[in-house]
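Here's the letter readout for the chains.
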Amino acid sequence: MIDFDNILFNINISSGMPHPGALLVAEPFLKDQHFGHSVILLVDYAPANNAMGIVINLPTAYTLQGLVKGIKQEKEIPVWCGGPMSCDRLYYVHTLGGLLPGAKEISPGLYIGGDFEAMIEYVNSGCPLEGCIRFFIGYSGWSPGQLDEELRNHVWAVMEIPEKDRLLTGSHESYWHRHVKLLGDEFRGWLYHPLNPQMN
């Protein structure tokens, strides 16, 4: 007999270990407005210290043109919600490396921040943005031990970045579903739980 309850409702599944550059994939029943069906890029993590991450796939109504002076691109550039902390600050995750001096390398070939004027110059030059750089307001943070406790409670599944060239592409629901599928067959039951149960 097929154990449907275990397939559909089990979140007690072991996954990877957290580290800078890893992804946290939210379990399907997490209903927080910032973290429901979210995928978070861990920027900083060390046991017993604060942790920091950026929600990669939560859209906002903001555009870069509306937040930053000097952006000359006509096509609206979306700004995403990185989390509920420091929502008056702009962050950018990118693969541009030395093109933005001072950027911090999170993992090989993946960076956060960097020279602000160089970022504006890059955007205004008409160079590719999709897949290369994504903009966020706010970030996600955990106090010492908090993330470890959430991981013990299986709030998040930890995975390596499966497709670095696609990390900064995709939208909210499709993004989460894509990464749950890449977690493997053990997690397939998660896919049957929409963020809005009324969609069932």
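Cut-offs and rules
Per chain, residue numbering runs from 1 following the sequence as it is written. It should be noted that, the model being predicted, local features are given only for residues of pLDDT at least 70 and side-chain atom pairs only at 80 or more, the latter also being counted only at that level, while totals for whole chains, interfaces and linings use all residues. Heavy atoms throughout the structure, all of them, feed into the side-chain values; hydrogens and water do not. Stacked, tilted and edge-to-face are the three classes applied to pairs of Phe, Tyr and Trp rings, where Trp contributes its six-membered ring and a pair requires centres within 6.5 Å; stacked means planes under 30 degrees apart, edge-to-face means over 60, and tilted covers the rest. Here a helix means four or more residues in a row that DSSP labels H or I, a strand means two or more in a row labelled E, and each is numbered from the N terminus. Each residue is placed in one exposure class: buried if its accessible area under a 1.4 Å probe, protein chains only, is under 20% of its type's maximum, exposed if it is over 50%, and partly exposed if it falls in between. What we call a nonpolar core is a set of buried Ala, Val, Leu, Ile, Met, Phe, Trp, Tyr and Cys residues that are connected through their side-chain atoms within 4.5 Å. Each residue carries a pLDDT value, the predictor's own confidence for that position, ranging from 0 to 100. Any pair of residues with heavy atoms lying within 4.5 Å of one another is described as a contacting pair. Every definition here rests on a 1 Å grid over the protein atoms only: cavities are sets of points where a 1.4 Å probe fits but cannot get out, pockets are open sets enclosed by protein on both sides within 12 Å along at least five of seven lines, and lining residues have some atom within 4 Å of a point. Grid points are joined across faces, edges and corners, and a volume is the space filled by probe spheres set on the points. Only Asp, Glu, Lys and Arg are considered charged in this grouping, and only Ala, Val, Leu, Ile, Met, Phe, Trp, Tyr, Cys and Pro are considered nonpolar; every other residue, Gly among them, is considered polar. Salt bridge criterion: a side-chain nitrogen from Lys or Arg within 4 Å of a carboxyl oxygen from Asp or Glu.

J.: Sorry if this is basic, but what is going on with the packing of aromatic side chains here?
T.: The geometry of an aromatic ring pair is captured by two quantities: the separation of the ring centres and the angle between the planes. Throughout the structure, instances matching the rule amount to five aromatic pairs. Arranged with centres 5.9 Å apart and planes meeting at 85 degrees, the rings of Phe35 and Trp156 form a pair that is edge-to-face. Residue Phe35 is found in the loop between strand 1 (23-26) and strand 2 (39-44), and its partner Trp156 is found in strand 10 (residues 156-159); the two are separated by 121 residues along the sequence. The pair formed by Phe35 and Trp156 is uniform in burial state, with each residue classed as buried. When the ring of Tyr91 is compared with that of Tyr139, the centres are 5.9 Å apart and the planes differ by 70 degrees; the resulting orientation is edge-to-face. Placement of Tyr91 in strand 6 (residues 85-94) and of Tyr139 in strand 9 (residues 133-142) is noted, with a sequence separation of 48 residues between them. Assigned by exposure class, Tyr91 and Tyr139 land together as buried.

J.: What is the right way to read the nonpolar core from this model?
T.: Nonpolar side chains in soluble globular proteins generally cluster together in the buried interior. Residues Leu24, Val25, Ile54, Leu147 and Trp156 are the most contacted members of the largest nonpolar core, which totals 45 residues. Top element by residues in this core is strand 2. It accounts for five residues.

J.: Is there a simple way to think about the confidence of the model for the protein chain in this case?
T.: Low pLDDT means the predicted atomic positions in that stretch should not be read closely. The share of residues in the protein chain with pLDDT of 70 or more is 88%, and the mean pLDDT across the chain is 89. This stretch, residues 1-9, has a pLDDT under 50; its non-local contacts, to residues over four places away or in other chains, come to 10 contacts.

J.: Explain the layout of surface pockets here, please?
T.: If a probe as big as a water molecule is rolled over the atoms, it shows which places are left empty. Of the voids in this model, the largest pocket is the one considered here, and its volume is about 290 Å³. Counting residues per element, the ones that place at least two in the lining of the largest pocket are strand 5 (78-81) and strand 9. Of all the elements, strand 9 adds the most residues to the lining of the largest pocket, at three residues. When the residues that make up the lining of the largest pocket are grouped by side-chain class, the tally is eight nonpolar, two polar and four charged.

J.: When you look at the pattern of salt bridges in this model, what are you seeing that I'm missing?
T.: If you walk through the whole model with that rule in mind, you get four salt bridges. A salt bridge links Lys104 to Asp44, with the nearest nitrogen and oxygen atoms 2.5 Å apart. Remark: Asp44 occurs in strand 2 and Lys104 occurs in strand 7 (residues 104-107); sequence separation between them is 60 residues. What makes Asp44 partly exposed here is its relative accessible area of 31%. Each member of the salt-bridge network shares a partner with another, and the members are Glu163, Arg166 and Arg178.

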